Amino acid sequence: EKVPDNFTMYLAGFDYGISNPFVAQLWGLAGGIWYCLKEVEWDSKKRQKQKTDPEYIEDMARLCYWNDRPVHPEKILAPPEEPGIQRLMKQCKHPALSSVRSAQNAIMPGIEDLTTILSLGRLKIFHKCEATIYGLANLLWDEKKQQQGIDMFIKGGSGAPDHAADASRYIAREAAKELRQRNL
């Protein structure tokens, strides 16, 4: 399926890691459907090189382009436990990154919003977003945590699917809220 050329709104989000993988996504809204358009993925263990915060900020700035034009996401959703990278993004030279804020980190509501918009056809993932596709297709629930009454997927390090899933659920919370507010 063809991805639209123009979008009425953009959202971005990322799961931040220095030793764990970093995954960032750009989503666009067109015709009542969200599209996961682009991603940035960096696994420092696989690549045997750690990136610095300024390098991740440049990655985020490059993410905020669509059809060779800069876009300004209404919100860039970051892990709430990472205020340092948020502060650096707000202070950097890239105006598109100033909309960074803490994501809602509750796992189940984020997964519910993500699965709802996917199942209703309100989210489509562009085929070039390979880390996102892998992450969502290979996410596994932690049975030990579930026995304790805690809904949690298996967290992992290098190569684990949860990093793309975290970025997706951060954005999905806001994306689903936008659809509800627009009665879509």
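Quick notes on the rules
- Residues numbered from 1 in each chain as written.
- Predicted model: local features only at pLDDT ≥ 70, side-chain atom pairs only at ≥ 80, totals over all residues.
- Heavy atoms only, no water.
- Phe/Tyr/Trp six-rings, centres within 6.5 Å; stacked < 30°, edge-to-face > 60°.
- Helix = DSSP H or I, 4+ residues; strand = E, 2+ residues; numbered from the N terminus.
- Buried < 20%, exposed > 50% of the residue type's maximum accessible area, 1.4 Å probe, protein only.
- Lys NZ or Arg CZ within 6 Å of the ring centre and 35° of its normal.
- Salt bridge = Lys/Arg side-chain N within 4 Å of Asp/Glu carboxyl O.
- Expected span 1.5 Å × (residues − 1).
- Bend = angle between axes of the 7 residues up to and from the residue.
- Pairing = 2+ DSSP bridges.

Peer 1: I would appreciate a short explanation of the packing of aromatic side chains in the present structure.
Peer 2: Centre-to-centre distance and the angle between the planes together describe a pair of aromatic rings. For the coordinates displayed, the defined rule picks out seven aromatic pairs. Judged by centre distance (5.9 Å) and plane angle (65 degrees), the ring pair of Y16 and Y56 falls under edge-to-face. One end of the pair, Y16, is in the loop between β1 (9–15) and β2 (22–30); the other, Y56, is in helix α2 (residues 53–63), with 40 residues separating them in the sequence. As far as the burial class goes, Y16 and Y56 line up, both buried. Each residue in the set F7, Y10, Y35 and W66 is aromatic and connected to the rest through ring pairs, giving one cluster. The ring of W42 carries K51 above its face, with NZ or CZ at 4.3 Å from the centroid.

Peer 1: I keep staring at unusual backbone geometry and nothing clicks. Help me out?
Peer 2: Backbone phi values are negative for most residues with the exception of glycine, while trans is the configuration of most peptide bonds. A positive phi is found at Q48, a non-glycine position, where the angle reads about 55 degrees. Looking at the element boundaries, Q48 is found in the loop between α1 (44–47) and α2. In this structure, D68 is a non-glycine residue whose phi angle is positive, near 65 degrees. Mapped onto the elements of the fold, D68 is located in the loop between β4 (65–66) and β5 (69–70). Given a relative accessible area of 78%, D68 falls into the exposed group.

Peer 1: I keep staring at the pattern of salt bridges and nothing clicks. Help me out?
Peer 2: Pairing between side chains of opposite charge can happen when the charged atoms of each approach one another. Tallied over the full model, the rule gives 11 salt bridges. Between E55 and K49 there is a salt bridge, and its shortest N-O distance comes to 3.2 Å. The class of K49 is partly exposed, set by a relative accessible area of 39%. The salt bridge involving R169 is made with D166; its shortest N-O contact spans 3.0 Å. In this pair, R169 and D166 are both assigned in helix α7 (residues 162–181), three residues apart and thus about one turn of the helix distant. The pair R169 / D166 is uniform in exposure class, with both members buried. Taken together, the shared-partner salt bridges connect K51, D59 and R62 into one network.

Peer 1: Explanation requested: α7 in the structure shown.
Peer 2: Two residues of an α-helix separated by three or four positions point the same way, owing to the 3.6 residues in each turn. Given a rise of 1.5 Å per residue, 20 residues ought to cover 28 Å, and the 28 Å separating the end C-alpha atoms of α7 matches this to within 8%. At A172, α7 shows its strongest bend, of approximately 25 degrees. Most of α7 sits out of view: 16 of its 20 residues are buried. Of the residues flanking the end of α7, it is N183, one or two places downstream, whose phi is positive at about 55 degrees.

Peer 1: What exactly am I supposed to notice about the pairing of β1 here?
Peer 2: Note on strand geometry: in a regular strand, side chains alternate between the two faces of the sheet. For β1, the tally of buried residues reaches seven of seven residues, placing the bulk of the element in the interior. Alignment of β1 against β2, held across seven bridges, turns out to be antiparallel. Bridge pairing in β2 places F14 opposite A24. Joining the antiparallel neighbours β1 and β2 is a turn of six residues. Pairing analysis gives three bridges linking β1 to strand β6 (residues 75–78), with the strands arranged parallel. If you follow A12 over to β6, its bridge partner there is I76.

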